[in-house]
Amino acid sequence: MKLKPCVFLDRDGVLNEERGEYTYRLEDFKISPGVKDSLVKMKDAGYLLVVITNQAGIAKGIYTEKDVMDCHNYLQNEIGNLIDDIYISPHHPVTTESLLRKPDSLMIEKAIAKHKIDPAQSWLIGDSERDVRAAHKAGVKAILLSKDKLTEYTFYHASSISQAVEQFIVR
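Worth saying up front: this structure is predicted, and the values here are computed from it rather than measured.

Enquirer: Where do I start with the pattern of salt bridges in this structure?
Expert: Within this structure, the stated rule accounts for 12 salt bridges. In this structure, D12 engages R11 in a salt bridge whose closest nitrogen and oxygen atoms are separated by 2.9 Å. Taking relative accessible area as the criterion, R11 reaches 2% and is therefore assigned buried. The salt bridge involving E166 is made with K41; its shortest N-O contact spans 2.3 Å. Taken together, the positions of E166 in helix α6 (residues 161-169) and K41 in helix α1 (residues 35-44) put the pair 125 residues apart, joining distant regions of the chain. Where salt bridges share partners, they join R19, E21, R25, E27 and D28 into one cluster.

What follows is the structure, encoded as structure tokens:
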């Protein structure tokens, strides 16, 4: 069986605009510029697209998993259902420890097993050190979206999802 390439995508700060606080209401969920075109390019290049997102507000009782899925469903409707799967870690260390929560890599590993993904052909696009650390643990290349903050785990860097896709994934 041939393994598939995948692009794992963090949600807040990659697919939707980072607000600096929890984004769980549809009226606050703003899709980042270039997302739809970038996702289309990756799908056309043969990549699976899987969202990998920490949602600590669930553990803290601020919002529900349904709120997260409402935002995801809105995103899917706006982009033409391009995302193949979503993994959510509803945990936070103040309430529940979990290997699902990035910087651990269990969400990525579960997706790799379920979808028969080849980590060596795959990427993760994230906007924090915990994203790139999770990718590193799972053997997936990571692109950090940041204007200035690089980490010891950052080998690839871009300022936007569009630049990440054009410069590293679909050349």
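Now, onward.
Enquirer: What exactly am I supposed to notice about helix α5 (residues 129-138) here?
Expert: Since one α-helical turn is 3.6 residues long, residues separated by three or four positions face the same way. Within the span of α5, buried status applies to D131, V132, A134, A135 and A138. Mapping the buried residues of α5 onto a view down its axis gives an arc of 155°, with all of them on the same face. Packed against the buried residues of α5 are α4 (106-115), β4 (123-126) and β5 (141-145).

Enquirer: Looking at this structure, I do not really get the layout of surface pockets. What am I missing?
Expert: A water-sized probe, rolled over the atoms, reveals where empty space remains. Roughly 360 Å³ of volume is contained in the largest pocket. D12, E18, Y22, N54 and R130 are the residues nearest the centre of the largest pocket, which is lined by 18 residues in total. If you list the elements that add at least two residues to the lining of the largest pocket, you get β2 (48-54) and α5. Grouping the amino acids of the lining of the largest pocket by side-chain chemistry returns three nonpolar, six polar and nine charged.

Enquirer: Is there a simple way to explain the sheet that holds β5 in this structure?
Expert: The strands making up a sheet associate through backbone hydrogen bonding, with each pair oriented either parallel or antiparallel. With parallel pairing, the six strands of this open sheet are ordered in space as β3-β2-β1-β4-β5-β6. Both outer strands of the open sheet, β3 (85-89) and β6 (156-158), are each paired with one neighbouring strand and no more. Ignoring strand direction, the axes of neighbouring strands in this sheet form an average angle of 20°. Both strand β1 (residues 6-9) and β4 contribute to a ladder of three bridges, which runs parallel. Note that in β4 the partner of L9 across the bridge is I125. The sheet contacts of α5 involve β2, β4 and β5, and relative to β5 the element is tilted by about 175°.

Enquirer: Explain the packing of aromatic side chains here, please?
Expert: Each aromatic ring pair is specified by the distance between its two centres and by the angle formed by the two planes. Considering all chains together, one arrives at six aromatic pairs under this definition. For the ring pair F29 and Y74, a centre distance of 6.1 Å and an interplane angle of 90° mean the geometry is edge-to-face. Of this pair, F29 sits in the loop between β1 and α1 while Y74 sits in helix α3 (residues 65-79); the two residues are 45 residues apart in sequence, bridging distant segments of the chain. In this structure Y74 comes out as partly exposed when scored by relative accessible area, which is 31%. Consider the rings of Y156 and F168, whose centres lie 5.1 Å apart with planes at 70°: the pair is edge-to-face. Of this pair, Y156 sits in strand β6 while F168 sits in helix α6; the two residues are 12 residues apart in sequence, bridging distant segments of the chain. A connected cluster of aromatic rings, assembled from ring pairs, spans Y22, Y24 and Y63. Across the ring face of Y24, the terminal group of R25 is positioned such that the distance to the ring centre comes to 5.7 Å. Above the plane of the ring of W123 lies K141, whose end atom (NZ or CZ) is 4.8 Å from the centre.

What counts as what
Residues numbered from 1 in each chain as written. Predicted model: local features only at pLDDT ≥ 70, side-chain atom pairs only at ≥ 80, totals over all residues. Heavy atoms only, no water. Salt bridge = Lys/Arg side-chain N within 4 Å of Asp/Glu carboxyl O. Buried < 20%, exposed > 50% of the residue type's maximum accessible area, 1.4 Å probe, protein only. Helix = DSSP H or I, 4+ residues; strand = E, 2+ residues; numbered from the N terminus. Arc of directions from axis to C-beta. Contact = heavy atoms within 4.5 Å. 1 Å grid on protein atoms, 1.4 Å probe; cavity = no way out; pocket = protein on both sides within 12 Å on 5 of 7 lines; lining within 4 Å. Points joined across faces, edges and corners; volume = space filled by probe spheres on them. Nonpolar A, V, L, I, M, F, W, Y, C, P; charged D, E, K, R; others polar. Pairing = 2+ DSSP bridges. Axes fitted to C-alpha atoms, helices over the stretch in contact; angles between N-to-C directions. Phe/Tyr/Trp six-rings, centres within 6.5 Å; stacked < 30°, edge-to-face > 60°. Lys NZ or Arg CZ within 6 Å of the ring centre and 35° of its normal.

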